[in-house]
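So you can see what is in the structure, the chains are spelled out below.
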Amino acid sequence: MTSTIFVSDIHLDVGNNTRTNLFLSFLDDISSTASDIYILGDLFDAWIGDDTMDRFQNVIDAFVKLSQTTNIFIVRGNRDFLLGDTFSQAANCTVLPDEYCIKLNSKNILVSHGDIYCTEDKAYLQFRSMVQNQQWQQDFLSKSVAEREYFAQQARAASIENYKKLKQAQEVTFATLYQHAIQFNADTVIHGHIHREGHVHHNFDNRTLDRFILKDWSDNKGSAVVEKDGVFKQAHYSLDKGLTVFDDVILLNNH
């Protein structure tokens with residue numbers, strides 16, 4: 001019986017083979033059961049251009065192998081917003097826009113990295129506006145690899161410091177998320193970005209909205225949401241236990 005799997009914020013780095021091996025094992029394990037996988041941003045901890053993708057050849061090879069049985073969809077995140085056509089063609093995957101609505105068993109599912117909903121995080125919105133500018137991206141990609149790596153290091157450090165200062169209310173503005181859900185006529189929203197995990201059932205304006213938040217991956221455990229026969233369940237992946245799907249719901253605290 002096939003399923004659809006959602007993950008986010010794996011943050012693969014060439015200097016972290018442990019995380020990469022965990023993810024490669026995960027891809028191999030789901031190949032026989034998942035019809036589709038949606039990776040909702042920050043697959044890579046930093047992506048400085050498709051011209052450096054040979055650093056992740058093992059990941060690309062794993063995607064090509066997985067694509068024989070499973071459709072692979074990727075949403076760009078705030079760390080890998082430069083993922084381009086060269087990568088998607090080499091990895092045999094589809095790169096989606098910032099927000100994308102899919103229909104599963106008569107439900108409309110809005111998927112996104114989630115940073116687009118952080119409208120109270122003014123510092124991040126300024127950064128996002130800058131790096132999403134096409135001219136800025138062209139100028140950046142024209143720089144040397146060393147210059148781009150230095151920028152990525154500085155941006156990571158600034159992001160970590162900014163996140164430490166945020167209140168939880170600034171992570172995702174529900175009014176913004178709900179407005180986008182209405183625009184897409186979505187029953188469910190699945191996103192990552194805020195590095196927390198949980199499910200929230202919202203009742204708002206005589207409507208209901210289910211929201212699943214995907215946690216970032218560690219070196220020994222990954223977070224996922226699995227859809228099968230119209231039912232969404234949360235899951236964890238580890239090398240020793242494989243993909244463990246929970247019947248109990250992990251609730252998002254302090255939402």
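Residues numbered from 1 in each chain as written. Predicted model: local features only at pLDDT ≥ 70, side-chain atom pairs only at ≥ 80, totals over all residues. Heavy atoms only, no water.

Chemist: Hey, could you run me through the packing of aromatic side chains in this one?
Modeler: Each aromatic ring pair is summarised here by two numbers: the centre-to-centre distance and the angle between the ring planes. Scanning the model with the defined rule gives 20 aromatic pairs in all. Ring centres of Y38 and F73 lie 4.7 Å apart, and the angle between their planes is 15 degrees; this geometry places the pair in the stacked category. Placement of the pair is Y38 in strand β2 (residues 34-40) and F73 in strand β3 (residues 71-75), with a sequence separation of 35 residues. Comparing Y38 with F73 shows no difference in burial state: the two are buried. Considering the side-chain rings of Y124 and F127, the 6.3 Å spacing of their centres and the 40 degrees angle between planes classify their relative orientation as tilted. Linking Y124 with F127, this pair stays in helix α4 (residues 122-131), spanning three residues, or about one helical turn. Three or more aromatic residues joined by ring pairs make a cluster, and in this case those are F6, Y38, F73, F212 and F232. (Phe/Tyr/Trp six-rings, centres within 6.5 Å; stacked < 30°, edge-to-face > 60°. Helix = DSSP H or I, 4+ residues; strand = E, 2+ residues; numbered from the N terminus. Buried < 20%, exposed > 50% of the residue type's maximum accessible area, 1.4 Å probe, protein only.)

Chemist: I'm lost on the sheet that holds strand β10 (residues 222-228) in this one. Help?
Modeler: Paired through backbone hydrogen bonds, the strands of a sheet run either parallel or antiparallel to each other. Taking strand neighbours across the sheet as the criterion, the seven strands line up as β4-β3-β2-β1-β10-β11-β12 in an open arrangement whose pairing is mixed. Looking at which strands have only one partner, the edges of the open sheet turn out to be β4 (94-96) and β12 (242-245). Each strand of the sheet is rotated relative to its neighbour by a mean of 25 degrees, with strand direction disregarded. As paired strands, strand β11 (residues 231-238) and β12 are joined by four bridges and run antiparallel to one another. Its bridge partner lying in β12, S238 is registered against G242. (Pairing = 2+ DSSP bridges. Axes fitted to C-alpha atoms, helices over the stretch in contact; angles between N-to-C directions.)

Chemist: Got a minute to help me understand empty space enclosed by the protein in this structure?
Modeler: Any space left empty among the atoms is revealed by the rolling of a water-sized probe across them. Under the definition given, this model contains one cavity of 30 Å³ or more. Its volume calculated, the largest cavity comes out at about 40 Å³. Lining the largest cavity are R76, G77, N78, F81, D98, D115, R128 and Q132. Grouping the constituent residues of the lining of the largest cavity by class yields one nonpolar, three polar and four charged. (1 Å grid on protein atoms, 1.4 Å probe; cavity = no way out; pocket = protein on both sides within 12 Å on 5 of 7 lines; lining within 4 Å. Points joined across faces, edges and corners; volume = space filled by probe spheres on them. Nonpolar A, V, L, I, M, F, W, Y, C, P; charged D, E, K, R; others polar.)

Chemist: Would you mind going over the sheet that holds strand β7 (residues 188-191) with me for this structure?
Modeler: Pairing in this open sheet of five strands is mixed, and the strands run β5-β6-β7-β9-β8 from one edge to the other. The sheet is open, and its two borders are formed by β5 (99-104) and β8 (198-204), each paired with just one other strand. Averaged over all adjacent pairs, the angle separating strand axes in this sheet is 20 degrees, with direction ignored. Of the pairings in the sheet, the one linking β7 to strand β9 (residues 207-213) comprises four bridges and is parallel in character. The residue of β9 that forms the bridge with V189 is R211. This element, helix α8 (residues 174-183), spans β5, β6 (107-112), β7, β8 and β9 of the sheet and lies at about 110 degrees to β9. (Contact = heavy atoms within 4.5 Å.)

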